[in-house]
Structures are given as C-alpha cells and as structure tokens.
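Overview (structure and organization)
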Amino acid sequence: MKIAVTCENGQVFQHFGHTEEFMLYDVTDGKIVSAVAIRPTEGGHGALAGFLKAHGTDALICGGIGAGAKSALSDEGISLYPGVSGGCEDAVKALLDGSLKYQPDIQCAHKHDESHGCGHNCGEDKHGCGGNK
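Notes on the structure follow. As the structure is a prediction and not an experimental result, all values here were calculated from the model. (Residues numbered from 1 in each chain as written. Predicted model: local features only at pLDDT ≥ 70, side-chain atom pairs only at ≥ 80, totals over all residues. Heavy atoms only, no water.)

Description of the overall build of the protein
On a plain count of helices and strands, the protein comes out with three helices and six strands. Burial status across the protein gives 43% buried among its 133 residues. Sequence-distant contacts in the protein: of pairs separated by 6 or more residues, those separated by 24 or more amount to 51%. (Helix = DSSP H or I, 4+ residues; strand = E, 2+ residues; numbered from the N terminus. Buried < 20%, exposed > 50% of the residue type's maximum accessible area, 1.4 Å probe, protein only. Contact = heavy atoms within 4.5 Å.)

Here it is in structure tokens:
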C-alpha cells in the first residue's frame, strides 16, 4: 500500500491544490518500509490526482481540500483522509493503527484569489487553508 501526505517542512500541508511536495510512504504488513519525497511538475486538483495515481498512491492524507479535488481523487480510486494536521509520518502511523483524527466532510469552498478569513488570499503561493470557508 502507498500512502501520500501533502507536506511542507515535515508537516501536513493545509491546501491540497497548492501542494509542492508529497511524502509517499510504502507500507507493508501495517508498517512503513520506506518514505520518499515527490514533487509534482504541475498543480491543480486534476493534475495532482493523476500524479498521485501514476505513483501508485492508494490513500492521501491532507489538510484542506475542495470538492473538485475530492472528486478527482475519487475518480482515481484514491482513498482520502482530509482535515489532518501535525507531522506527516505521525499521521501515517495514526492511519495505520486506526487512531487518525480526520474530517471526511471538510471542504475548502472559497473562491480563489479572495480572502476567506484564515489569514491569506488563495492566490498566494503558500498558505494554510485548514478547511476554512
């Protein structure tokens, strides 16, 4: 099984569509056997979903994510665990032992290039949406 995590500085990155790096964990018998950082060549939810599928991803752990991205991941057969914060490896370990706290209904539903009260504009290169609307 391969589990991808949106990543920035070892922490779960909070806006899927702006992810510049994923940590990809290879899991065998419920244990992490390897981890590698992968960087997509293009952004946007459709391109990122295809990128993850091309790397054999079975599941994704992330922070904030929009409806289009959820749909694109579902179309690729990738299980989704959104609304997560904290360390990337800690999140994978929690998923594996059944203790991951995630928010399946979280949805970043703002319009891009507009502020939505979480301290950034969505047109910025990096920010943490955390599912705020």
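On we go from here.
Describing the pattern of salt bridges
What the rule picks out here adds up to two salt bridges. Measuring nitrogen to oxygen at the nearest pair gives 3.6 Å for the salt bridge that ties R39 to E21. With R39 in the loop between β4 (31–38) and α1 (45–54) and E21 in the loop between β2 (11–12) and β3 (22–28), the pair connects residues that are 18 residues apart, well separated along the chain. When the shortest N-O distance is used, the salt bridge between K93 and E89 registers 3.2 Å. Of the two residues, K93 and E89 are both situated in helix α3 (residues 88–97); the distance of four residues between them amounts to about one turn of the helix. Residue class for K93 comes out partly exposed when judged on its relative accessible area of 44%. By relative accessible area, which is 38% here, E89 ends up partly exposed. (Salt bridge = Lys/Arg side-chain N within 4 Å of Asp/Glu carboxyl O.)

Here we look at the pairing of strand β1 (residues 2–8)
Taken across its seven residues, β1 has five buried, putting it largely inside the fold. As paired elements, β1 and strand β5 (residues 59–61) share three bridges and run parallel to each other. Note on β5: the bridge partner recorded for I3 is A59. Two elements, β1 and β2, share two bridges in a ladder whose sense is antiparallel. (Pairing = 2+ DSSP bridges.)

Some points on the environment of G68
Mapped onto the elements of the fold, G68 is located in helix α2 (residues 67–75). Under the relative-accessibility criterion, G68 is labelled partly exposed at 33%. Taking C-alpha positions, G68 is 8.0 Å from G46, a pair spaced 22 residues apart along the chain.

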